[in-house]
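Breakdown of the fold
Given next are the chains, with one letter for each unit.
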Amino acid sequence: MTTVHEPRTSPEVGGIGHSVLRKEDDRFIRGAGNYLDDLNLPGMLHMAILRSPVAHARINSIDSSAAMEIEGVLAVITGEALEAHGLAWMPTLSGDTQAVLATDKVRFQGQEVAVVIATHPYIAHDALSHIDVDYEELEAITSPQQSLATSTLIRDEKEGQTDNVAYTWEAGDQDSTDAAFAAAARVVSLDTHYPRSHPAPLETCGVVADVNSITGQATIYMTSQAPHAIRTVFALVAGLPEEKIRIITQDIGGGFGNKVPVYPGYVVATAASLLIGKPVKWIESRTENLISTGFARDFHMHSELALDGNNRITAMRANILSDQGAFFSDAQPTQFRAGLFHICTGSYDFPSAHVTAKGAYTNKAPGGVAYRCSFRVTEASYLIERLVDNAAHEVGIDPADFRALNFIREDQFPYLSPTGFVYDSGNYHGAMDKAKEMIGYDAWRARQAEQNSDPDATKLIGIGVASFTEVVGAGPSRQYDILGLKMFDSAELRIHPTGKAILKLGVQTQGQGHETTFAQIVAEELGIPYSDIKVMYGDTDNTPYGLGTYASRSTPVGGAATAVVSRKIRAKAQKLAAHLLEAAEEDLDWEPGKFTVKGTDQSVTIQDVAFAAYTNHPVGMEAGLEGVTYYDPPNMTYPFGTYIVVAEVDTGDGTWKVLEMVAVDDCGVRINPMIVDGQITGGLTEGFAKANMQWITFDDDGNCIGSNFMDYLVPTAWETPRYQLGETVTPSPHHPIGAKGVGESATVGSPAAFTNAVIDALWSRGVSNIDMPVLPHRVWGALNGVEVSP
Amino acid sequence: MQITVNINGASETRDVEPRRLLVDFIRSDAGLTGTHIGCDTSSCGACTVLLDGRPVKSCTVLAVQADGSEVKTVEGLAEGGELHPVQAAFKQHHGLQCGFCTPGMMLVGSALLEDNPDPTDEEVRWAISGNICRCTGYMNIVTAIQAAGGEGS
């Protein structure tokens, strides 16, 4: 049932459903945030990285003698030096290996070749130009198709690697799918490329490594979305004892998936600090960020949909070729090499699907990270929503009606998808109906019919619909791990004698507002005001182990852990309350913040109980009111929504603009509606960017085009559309507070809505696909039947 | 060469390399880390400060160019412990998430409101179009700046 929940707690307590203002804002609005580059340790040195100017070359020699002559330069470190310590290569989070500093070959433009350690960042960067590297250039492989066809081996150092295939993977059932296609009344196909993009958080990546040469203690300050996992990887890579590694992540200026992997810069800075005995800082430049760390997407997708004579979908086939770059350095769960792409059956009810995926090494930067996305869900959602839209147009049914005809119905949940997911809950018709009503769908269709029917019209209206379903919150330990680390998450809660609390998390905020929303979960469960709860994270010495924040897993997993640990504490509090009230436990009623003896006005507050836990605990009970929980989710959560975009396309110059957009999201129970809305408007803008302007491409020599914010476009306030937001609430039945996660929904769901709007405008002019970004010259070319450069 | 820059009312005299960027002077020499660096190409505006009252991207100004000038950074927005209306409005209207662009956005907003206390949505968007935010989608930033204007007028 779709209902909007009224808060159970008072605004002062600020539990679930209150749009309380963010606790973290006070420091940010005063310029008192603690971002990595704000950290300066005594005696700290600075590192700059020499990167390859070419995409594929053998390294004949590196001469760093001139750089060493420069005053202020303390060291130049090359791959050869690291090799002596077994550190020239490191494992990736996807179980591949990646060069820390190149030894044999460089495999992409921008690859790390050497570093300079100097007393000042300007000196370190100056010295880079004094390092002489002799490169012998090799064929640059710049597409996955070329990669699979060539005999040139990119990963020739890798034992047993005889081709350029990084992985293969499949899901679903081929036989039943083939049979459905053989019996289909109509088959609709779509070939599309989801282009390479970059999360590009406004703060780039960086590290300050401080290894104490006497104690061996390594304190590593890092921009990491997953500090605990990184600590373990560091222990494995560097052979450092794990108890002597402390990863500290302070405020992060946005992450979006960019700050999940381990990057060579982190490892070399740590090695340099170990070698020199002083703290070493490395801060990525924007160009380094865009050309070397954490690209996303780059999926070439072939897909087909089988329809029966009643326009019901009966099966889907998809065949994916992903461009992995030089190293398979995504952070995909071990069992899911193409992430959770098999959510590509989307919001639709049909029995058969078969998906195959192959990843190819190319001479491009490694990545494939989940950019604001739960492991390739974005690509999957884009594909099915584009495919369904084209199917609707081909059969001549309104795209919203075609979706409604094929949606999984509310009474079918839990729903087993043909690729094996068990959707926990949903109400797709509800979200669609709400979105149509909000935007005035029928009126827009009428206006479109009128305006577009004029054969001389130069402004065409298009209405784009996308009804996405995500799968987030990795994940149940039987299926989900990264490098063997199960994807549970944790919360530790300490209630102090005065009733104030500290909550320590294994997840890691990057701007999502965890200091506020996680305090609100405790407030909901215990009735302690959210303002009395300090939320801590990002220090591996002082927080419980967790896999971090990405793939919309904070609320589904860490939020669940927070609710469960709060309930554990409430159970103990009830025993304490019974002791204080001299009543039986089962005779107590609970309302947030207070135990009352049934049928009386005798009560104690949670604060009274907390004080008693340290001053008056009963004989036979442990003192204190603290707990820790490691939450292993029983299932993933499945946020969904319907987005509708009205766009106007200028047939003269191919530009298009958004006239109106409605986004109806159902992320289950909303903890802080204000913060949820902020996540959505931000995510919609990142989706708009991809549809409208943004991509990273390469020339035939493997030169990266898109290495700064003048080439890799990020929308400003001027280009960004205005949005209207709506909600339905279908709580997750298995999540302790019914929440599902929302940080990524809009980035996942919106690109197809924007693209569909443009295609919807142009369908009657014979245009059935334009790949993102839907740039003006592509629109113009498609309209005029002219092949244009990409 | 020796320069003197008045930052948030305090005079900073330093010997700097001619090539030293104003943003590095502010962050490293004056120790005011509220001004951020986001792109190095004057595209993102995270390093925006007010130079003699005008917003500039301090990654594209040499420190020596600021000799004898007054610079206001985010740390100088609040006066006497009292938040500037723009600061209060950014919190009130959820105009920030990760906080990295926020100092630049607030300074541009404050400069806009000096000239135009009641800007339209379009006027705010144009004013902040040199500043990138990756988190919010801008709607709440625009609302915050407009609300701060309403408060001041």
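Rules used in this analysis
- Residues numbered from 1 in each chain as written.
- Chains lettered and ligands numbered in written order.
- Predicted model: local features only at pLDDT ≥ 70, side-chain atom pairs only at ≥ 80, totals over all residues.
- Helix = DSSP H or I, 4+ residues; strand = E, 2+ residues; numbered from the N terminus.
- Buried ≥ 20, exposed ≤ 12 C-beta atoms within 10 Å, placed from the backbone.
- Contact = placed C-beta atoms within 7 Å.
- Rg over C-alpha atoms; globule rule 2.2 N^0.38 Å.
- Pairing = 2+ DSSP bridges.
- Axes fitted to C-alpha atoms, helices over the stretch in contact; angles between N-to-C directions.
- Domains from an automatic or database assignment.
- Nonpolar A, V, L, I, M, F, W, Y, C, P; charged D, E, K, R; others polar.
- Parallel < 35°, antiparallel > 145°, perpendicular 65-115°, else oblique.
- Left-handed = near helix turned anticlockwise from the far one by under 90°.
- Core = buried A, V, L, I, M, F, W, Y, C linked by C-beta atoms within 7 Å.
- pLDDT = per-residue confidence, 0-100.
- Expected span 1.5 Å × (residues − 1).

**Thoughts on the overall build of chain B**
Scanning chain B from N- to C-terminus turns up five helices and five strands. Counting from the amino terminus, chain B carries its helices and strands in the arrangement β-β-α-β-β-β-α-α-α-α. Within the span of chain B, comprising 153 residues, buried residues form 58% of the whole. Sequence-distant contacts in chain B: of pairs separated by 6 or more residues, those separated by 24 or more amount to 60%.

**Re the overall build of chain A**
The helix and strand tally for chain A stands at 19 helices and 35 strands. Against the globule reference of 28 Å for 790 residues, chain A gives a C-alpha radius of gyration of 27 Å, in line with a compact fold. Counting across all 790 residues of chain A, residues that qualify as buried make up 61%. Pairs at least 24 residues apart make up 79% of the contacts formed inside chain A by residues separated by at least 6 positions.

**Re unusual backbone geometry**
Peptide bonds are mostly trans, and most non-glycine residues show a negative phi. Residue and element names in this part refer to chain A. Cis geometry marks the peptide bond from Phe413 to Pro414; its omega dihedral reads -5 degrees. Counting through the fold element by element, Pro414 comes out in the loop between helix 11 (399-406) and strand 19 (415-416). Note the cis peptide between Ala474 and Gly475, where omega equals -20 degrees. Despite not being glycine, Arg297 has its phi angle at roughly 65 degrees, a positive value. Here Arg297 shows up in strand 15 (residues 295-307). The exposure class assigned to Arg297 is buried, which follows from the 27 C-beta atoms found within 10 Å.

**Looking at the sheet that holds strand 24 (residues 489-495) of chain A**
Residue and element names in this part refer to chain A. Spatially, four strands are ordered 26-25-24-30 in an open sheet, and the strand pairing comes out mixed. At either end of the open sheet lies a strand with only one pairing partner, and these are strand 26 (533-536) and strand 30 (626-631). Strand-to-strand, the axes of this sheet are offset by a mean angle of 15 degrees, without reference to chain direction.

**Describing the interface of chain A and chain B**
On the chain B side, the residues contacting the 40 residues of chain A number 42 residues. Where the side of chain A that touches chain B is concerned, the elements lending two or more residues are helix 1 (25-28) and helix 17 (673-692) of chain A.

**Quick notes on the domain arrangement of chain A**
By a frequent convention, interface size equals the accessible area lost on bringing the separate parts together. All names here are of chain A. Taken as a whole, chain A is organised into domain 1 (25-33 + 489-631), domain 2 (36-138 + 204-251 + 259-292) and domain 3 (295-474 + 635-784). On a C-alpha basis, the centroid separation for the pair domain 1 and domain 3 is 38 Å. Each side of the interface is counted separately: domain 1 has 17 residues, and domain 3 has 19 residues. At the level of secondary structure, the elements contributing two or more residues to the side of domain 1 that touches domain 3 comprise helix 14 (514-526) and helix 15 (554-581). The element best represented in the side of domain 1 that touches domain 3 is helix 15, accounting for seven residues. In terms of residue class, the side of domain 1 that touches domain 3 is made up of eight nonpolar, eight polar and one charged.

**Regarding the packing of helix 10 (residues 377-395) of chain A against helix 18 (residues 745-762) of chain A**
Residues and elements named next belong to chain A. Closest axis-to-axis distance for the helix 10/helix 18 pair is 8 Å, and the angle between their directions is 30 degrees. In terms of their interaxial angle, helix 10 and helix 18 are classed as roughly parallel. Where helix 10 crosses over helix 18, the handedness of that crossing is right-handed. Facing helix 10, whose interface residues are Val377, Thr378, Ser381, Tyr382, Glu385, Arg386 and Asp389, helix 18 presents Thr747, Val748, Gly749, Pro751, Ala752, Thr755, Asn756 and Ile759. Each residue belonging to the contact of helix 10 with helix 18 can be placed in one class, and the counts come to six nonpolar, six polar and three charged.

**Considering the nonpolar core**
Residue and element names in this part refer to chain A. By size, the foremost hydrophobic cluster in this structure holds 307 residues, and its most contacted members are Met47, Val115, Val116 and Val758. No other element matches helix 15, which puts eleven residues into this core. The contact partners of Val116, leaving out residues within four places of it in the chain, are Met47, Ala48, Ala67, Val73, Val76, Ala124, Ala127 and Leu128.

**Some thoughts on the confidence of the model for chain B**
On average, residues of chain B score 96 in pLDDT, and 98% of them are at 70 or above. The ipTM value of the predicted complex is 0.98, and its pTM value is 0.98.

**Re the packing of helix 14 of chain A against helix 15 of chain A**
Geometry of a packed helix pair, given as the angle between the helix axes and the separation of the axes. All names here are of chain A. Contact pair helix 14 / helix 15: the axes reach a minimum separation of 9 Å and the direction vectors enclose 35 degrees. Read as a crossing pair, helix 14 and helix 15 show a hand that is right-handed. Contacts between helix 14 and helix 15 involve His514, Phe518, Ile521, Val522, Glu525 and Leu526 from the former and Ser554, Gly559, Thr562, Ala563, Ser566, Arg567, Ile569 and Arg570 from the latter. A per-class count over the contact of helix 14 with helix 15 returns six nonpolar, five polar and three charged.

**Concerning helix 12 (residues 428-439) of chain A**
Residue and element names in this part refer to chain A. For helix 12, spanning twelve residues, the distance from its first C-alpha to its last is 17 Å, which sits close to the expected 16 Å at 1.5 Å a residue. Of the surrounding secondary structure, the elements contacted by the buried residues of helix 12 are helix 11, helix 13 (441-453), strand 21 (459-469), strand 31 (640-650), strand 32 (656-666) and strand 35 (724-727). Of the residues trailing helix 12, Gly440 is marked for its positive phi of about 70 degrees.

**Concerning the domain arrangement of chain B**
All names here are of chain B. Partitioning chain B into structural domains gives domain 1 (2-76) and domain 2 (85-152). Each of domain 1 and domain 2 has a C-alpha centre, and these two points are 21 Å apart. Contacts between the two partners involve 16 residues from domain 1, matched on the other side by eleven residues from domain 2. Of all elements in the fold, only strand 3 (48-51) and strand 4 (54-57) reach the threshold of two or more residues within the side of domain 1 that touches domain 2. Ranked by residues supplied to the side of domain 1 that touches domain 2, first place goes to strand 3 with three residues. Its residues assigned to classes, the side of domain 1 that touches domain 2 shows seven nonpolar, seven polar and two charged.

**Re helix 7 (residues 227-238) of chain A**
Residues and elements named next belong to chain A. Taking 1.5 Å as the rise per residue, helix 7 with twelve residues should run 16 Å; its terminal C-alpha atoms sit 16 Å apart, in good agreement. Listed in full, the buried residues belonging to helix 7 are Pro227, His228, Ala229, Ile230, Arg231, Val233, Phe234 and Val237. The inward-facing, buried residues of helix 7 contact strand 4 (89-91), strand 12 (218-222), strand 13 (245-248), helix 8 (264-276), strand 22 (481-482) and strand 23 (485-486). Phi turns positive one or two residues past the end of helix 7, at Gly239, with a value near 65 degrees.

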